[in-house]
Amino acid sequence: MSAHDPLLQPDPELHATARKVVTRIGADRAPAPNAIAIHDPHDGSTIGFTPDRDIDQALEAVTRADTAGRSWAATSPRYRADILRRWYDRIVDNADDIALLITLEMGKTLADARAEVAYGADFVRWYAEEITHQTGTVREAPSGGARLLTRRAPVGLAVLITPWNFPLAMATRKIAPALAAGCPAVVKPAALTPLTTLFAVQLAVEAGVPEDLVQVVTTSDASAFSAAVLSDPRVRKVSFTGSTPVGKILLRLAADNVLRTSMELGGNAPFLVFDDADLERAVEGAFVAKMRNGGQSCIAANRFLVQNGIAEAFVEGLTERLASLPTGSGLAPGVGLGPMVDHRAVHRLQGLVDDAVERGATLHTPDPAIDGPGSYFGATLLDHVPADAEVATTEIFGPIASVQRFSTQDEALAKANDTEFGLAGYVFTESLDRAFDVADNLATGILGINQGLPSNAAAPFGGIKESGLGREGSAEGLEEYQELRFYNLALRSTS
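Residues numbered from 1 in each chain as written. Predicted model: local features only at pLDDT ≥ 70, side-chain atom pairs only at ≥ 80, totals over all residues. Heavy atoms only, no water.

**Q** Before we go on, may I ask you to explain the overall build of the protein in this structure?
**A** Counting its regular elements, the protein contains 16 helices and 20 strands. Its C-alpha atoms give the protein a radius of gyration of 24 Å, within 12% of the compact-globule value 23 Å for 495 residues. Taking the principal axes of its C-alpha atoms as reference, the protein extends roughly 80 × 60 × 40 Å. Within the protein, the fraction of its 495 residues that count as buried is 54%. Put simply, the protein shows about 20,000 Å² of open surface, and 51% of that area lies on carbon and sulfur atoms. (Helix = DSSP H or I, 4+ residues; strand = E, 2+ residues; numbered from the N terminus. Rg over C-alpha atoms; globule rule 2.2 N^0.38 Å. Buried < 20%, exposed > 50% of the residue type's maximum accessible area, 1.4 Å probe, protein only. Areas by Shrake-Rupley, 256 points an atom, 1.4 Å probe, with all protein chains shown as cover.)

The structure is reproduced here in structure tokens:
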């Protein structure tokens, strides 16, 4: 039996409002002939439906987007910026409804969902502003007699494949720069959480985005979709957020047509805490880095590497924070941890805990198993985790804090870098010299220094090694949807 308190139940009024949003986007009834049922992770109930598109329908979406994209590419940056700004305003105006829908279909707490809406909207606002600042260059040829000009042009039709864990932010982080650059898009959201993406694109159309320009294709056969659309010569770009194994498959498919690719793949983020760290700050940063979205984040802290002198106090502090976390429906007042996305996730997480304990790790929190029809898994802290435990070598994607100890900085860096992944990392220390020394030697694309939430729409997001290619966010994210063109202008001699 579980040692957890009874699960918090959804607020009836919030739940009813969330269901009205499902009706608003036309997902309350199963479409003919085939439909995908969307389930509430809190209790497994069906909350809505989306069409289960086949290959022919996916290719029809490519045709529609490609046709609409020809005129869109010819529009001015200011025209596109104004429409993106109106889309941002529509998201903000509907922020409460979007947050309720995210929580209903994905399970995260309403507080986390509201934070996602703000984060997702920020990408739209950022690219509405950034596209008007894009400039080319003019240079004199070193040998004289010519001017060398560069400009950026849209790369073309983009296929955008998004994950289930941030159904708004991962969509806007891809759609907004594509539209800003002048590209049409075909979006395939995860089958578990497509409703939020559908709502976001509906708001984009209301804001003035041409109806066919962004096509959302919902399907239960992701492999067939990818094989079909990535082999279409009209497609020139693919952006994917998800697991490294799937990313490798997409890269092979993209190679046949030499597509531009952006891959934001798996992570195994190390979280380094040194003896000189501010303990309260480190515990709070660890809690945020681990528990945001219930740990279901690609940049979630995966391995807590804690120096021996502060380890006992850190483990005690983090255990206290985790053990007191109210668990239940994301639509329940005061809830701190919602359900996992489905029962498969719960089964996998339980296997990670069992394996670690069998190998000698110490479980500091209650039994994570939670009775009930929903896909719940309690916040868990494992201490003295062996380096060969599965929880230390794989991406956890759940509310398990895995703690290892270290003596020296060199040992910490060796442990932190001993992985094929290199997405995000964290370091907590009061020494500025150590912070930058660790930053320079930690093999990650993103680093949080004395903070547990490094993501920002104005910063380039992405990893190294097997964590991906390319960047999303910031000016670099816009360049992922642009081709650099060069013109050589000969000058007539006036001598």
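**Q** So what exactly am I meant to see when it comes to the pattern of salt bridges here?
**A** Oppositely charged side chains can form a pair if their charged atoms are brought close together. All told, the structure shown has 26 salt bridges when counted by the stated rule. In this structure, the salt-bridge partner of Asp 355 is Arg 359, at a minimum N-O distance of 2.9 Å. Take Asp 355: its relative accessible area is 15%, and that puts it in the buried class. One network of salt bridges, in which partners are shared, links Arg 173, Lys 174, Glu 264 and Glu 472. (Salt bridge = Lys/Arg side-chain N within 4 Å of Asp/Glu carboxyl O.)

**Q** Where do I start with the side chain of Ser 402 in this structure?
**A** Locating Ser 402 in the fold gives a position in strand β14 (residues 400–406). Residue contacts for Ser 402: discarding those within four places in its chain leaves Asn 302, Arg 303, Phe 304, Leu 382, Val 385, Val 391 and Ile 396. (Contact = heavy atoms within 4.5 Å.)

**Q** Just to check I follow, could you spell out a negative patch on the surface for this structure?
**A** Among the surface-exposed residues, Asp 354, Glu 358, Asp 367 and Asp 371 lie close enough to one another that they form a single negatively charged patch. Structurally, Asp 354 can be placed in helix α12 (residues 343–358). (Patch = residues over 30% accessible without salt bridge, like charges linked within 9 Å, V, L, I, M, F, W, Y side chains within 5 Å. Lys, Arg positive; Asp, Glu negative; His and termini not counted. Charge placed at Lys NZ, Arg CZ, Asp CG, Glu CD.)

**Q** Mind showing me how you'd approach the nonpolar core here?
**A** Generally speaking, soluble globular proteins have nonpolar side chains that are buried together. Ranked by size, the top nonpolar core spans 64 residues in total, and within it Trp 87, Ile 91, Ile 98, Ile 175, Leu 179 and Leu 195 carry the most contacts. The residues touching Ile 98, leaving out its near neighbours within four places in the chain, are Ile 91, Val 117, Leu 168, Thr 196, Phe 199 and Leu 203. One finds Val 283, Leu 337, Phe 377 and Ala 379 within the second-largest nonpolar core, a separate group that totals 54 residues. (Core = buried A, V, L, I, M, F, W, Y, C linked by side-chain atoms within 4.5 Å.)

**Q** Mind showing me how you'd approach the environment of Thr 17 here?
**A** Turning to its location among the elements, Thr 17 is positioned in helix α1 (residues 12–24). When its relative accessible area of 27% is taken as the criterion, Thr 17 is described as partly exposed. Counting along the chain gives 415 residues from Thr 17 to Leu 432, while the straight-line C-alpha distance between them is 48 Å. In this view, Thr 17 contacts Asp 97 and Leu 100; residues no more than four positions away in its chain are not counted.

**Q** When you look at the side chain of Gln 482 in this model, what are you seeing that I'm missing?
**A** With respect to the helices and strands, the residue Gln 482 is situated in strand β20 (residues 482–490). A polar contact of 3.5 Å, which involves the side chain of Gln 482, links it to the side chain of Gln 134. For Gln 482, the residues in contact, after removing those within four places along its chain, are Ile 131, Gln 134, Arg 152, Ala 153, Val 155, Ala 181 and Arg 260. (Polar contact = N/O pair within 3.5 Å; in protein donor to acceptor, adjacent residues only side chain to side chain.)

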